[in-house]
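Residues per chain are reported as follows:
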Amino acid sequence: MIREILIHPDAKLKKVCEPIDAVDDATRALMDDMLDTMYDAPGIGLAAPQIGILSRIVVLDCAPREADEGQPAPPREPLCLANPEVTWESEETFEYEEGCLSIPDIYANVTRPAQVKVKFLNREGAEEHREFSGIWATCVQHEIDHLNGKLFIDYLSSMRRSMITSKMKKLKRSRASA
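In this report, we go over the structure that sits alongside the text. (Residues numbered from 1 in each chain as written. Predicted model: local features only at pLDDT ≥ 70, side-chain atom pairs only at ≥ 80, totals over all residues. Heavy atoms only, no water.)

With that out of the way, let us pick up the pattern of salt bridges. Within this structure, the stated rule accounts for eight salt bridges. A salt bridge links Lys14 to Asp154; the shortest N-O distance between them is 2.8 Å. Of the two residues, Lys14 sits in the segment before helix H1 (25-40) while Asp154 sits in the loop between helix H2 (134-147) and helix H3 (158-177), which places them 140 residues apart along the sequence. Exposure remark for Asp154: the relative accessible area of 26% places this residue in the partly exposed category. The partner of Arg123 in a salt bridge is Asp32, with the nearest N and O atoms 2.9 Å apart. Of this pair, Arg123 sits in the loop between strand S6 (115-121) and strand S7 (127-133) while Asp32 is found in helix H1, placing the two residues 91 residues apart along the sequence. In this structure Arg123 comes out as partly exposed when scored by relative accessible area, which is 26%. With a relative accessible area of 32%, Asp32 lands in the partly exposed category. Because the salt bridges share partners, they merge into one network encompassing Glu98, Arg112 and Asp145. (Salt bridge = Lys/Arg side-chain N within 4 Å of Asp/Glu carboxyl O. Helix = DSSP H or I, 4+ residues; strand = E, 2+ residues; numbered from the N terminus. Buried < 20%, exposed > 50% of the residue type's maximum accessible area, 1.4 Å probe, protein only.)

Listed below in structure tokens is the structure:
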């Protein structure tokens with residue numbers, strides 16, 4: 001089921017999320033809804049607070065979406081993480097132009113560690129440790145930030161953040177009156 005994505009500014013996007021006790025059927029159903037919502041948007045990552053749920057759950061899929069001409073579309077590589085936690089980050093950094101489904105049509109360069117190791121509960125509830133690099137590392141860090149009430153615009157200057165927030169308020173007003 002596709003869920004509504006909250007748009008900044010929204011108080012729920014600034015809250016620290018609660019860990020989940022275990023991955024159960026309800027958690028898996030939420031993960032499925034989050035994947036449906038992310039793919040529909042379309043995006044490469046989504047955190048539970050972006051759909052108004054203050055639980056430490058994120059979904060990602062940074063696999064290429066476009067097929068080479070005459071080739072079938074590449075397979076999806078969805079990844080569901082509950083209670084994700086960065087356990088190591090590289091000193092080497094990577095700059096990427098980030099966007100966010102909660103801040104539509106706004107992009108800015110953000111510098112983050114180029115590689116991270118993350119501990120999480122997978123879709124089956126088993127603890128998993130995985131190393132991420134490149135766009136996957138950027139995405140998982142961006143989504144974990146959401147679980148801690150942080151948005152990618154928090155890495156920008158206060159003036160730029162203020163301008164973006166004003167744009168999002170206008171967008172929300174125009175959507176509400178439509």
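Among the secondary structure elements, Glu143 is positioned in helix H2. With relative accessibility at 3%, the residue Glu143 sits in the buried group. A C-alpha to C-alpha distance of 9.8 Å links Glu143 and Arg56, two positions 87 residues apart in sequence. Non-local contacts of Glu143, meaning those with residues more than four positions away in its chain, are made with Gly45, Leu46, Ala47, Gln50, Val58, Val59 and Leu60. (Contact = heavy atoms within 4.5 Å.)

This paragraph deals with the packing of aromatic side chains. Tallying each qualifying case throughout the model produces one aromatic pair. Between the aromatic rings of Phe94 and Tyr96, the centroid separation amounts to 6.2 Å while the plane-to-plane angle is 20 degrees, which identifies the pairing as stacked. Classification of Phe94 as partly exposed rests on a relative accessible area of 29%. Lying over the aromatic face of Tyr39, Arg76 brings its terminal NZ or CZ to 3.7 Å of the ring centre. Here the basic side chain of Lys117 rests over the ring of Trp88, its NZ or CZ set 5.4 Å away from the ring centre. (Phe/Tyr/Trp six-rings, centres within 6.5 Å; stacked < 30°, edge-to-face > 60°. Lys NZ or Arg CZ within 6 Å of the ring centre and 35° of its normal.)

With that settled, consider the pairing of strand S4 (residues 93-100). Direction of pairing for S4 relative to strand S5 (residues 103-113): antiparallel, over a ladder of seven bridges. Counterpart to Cys100 in the pairing with S5 is Ile103. Counted between consecutive antiparallel strands, the loop separating S4 from S5 contains two residues. (Pairing = 2+ DSSP bridges.)

What follows is about H1. Spacing of three or four residues puts side chains on the same side of an α-helix, whose turn is 3.6 residues. Over its 16 residues, H1 extends 22 Å from the first C-alpha to the last, a length consistent with the 22 Å expected when each residue adds 1.5 Å. Every buried residue belonging to H1 is among Thr27, Leu30, Met31, Asp33, Met34, Leu35, Thr37, Met38 and Tyr39, and all of these are buried. Buried-residue contacts for H1 involve strand S1 (45-47), strand S2 (57-60) and strand S3 (79-89). Capping the start of H1, Asp24 holds a side-chain oxygen 3.2 Å from the backbone nitrogen of Ala26, two or three residues further along. (Expected span 1.5 Å × (residues − 1). Polar contact = N/O pair within 3.5 Å; in protein donor to acceptor, adjacent residues only side chain to side chain.)

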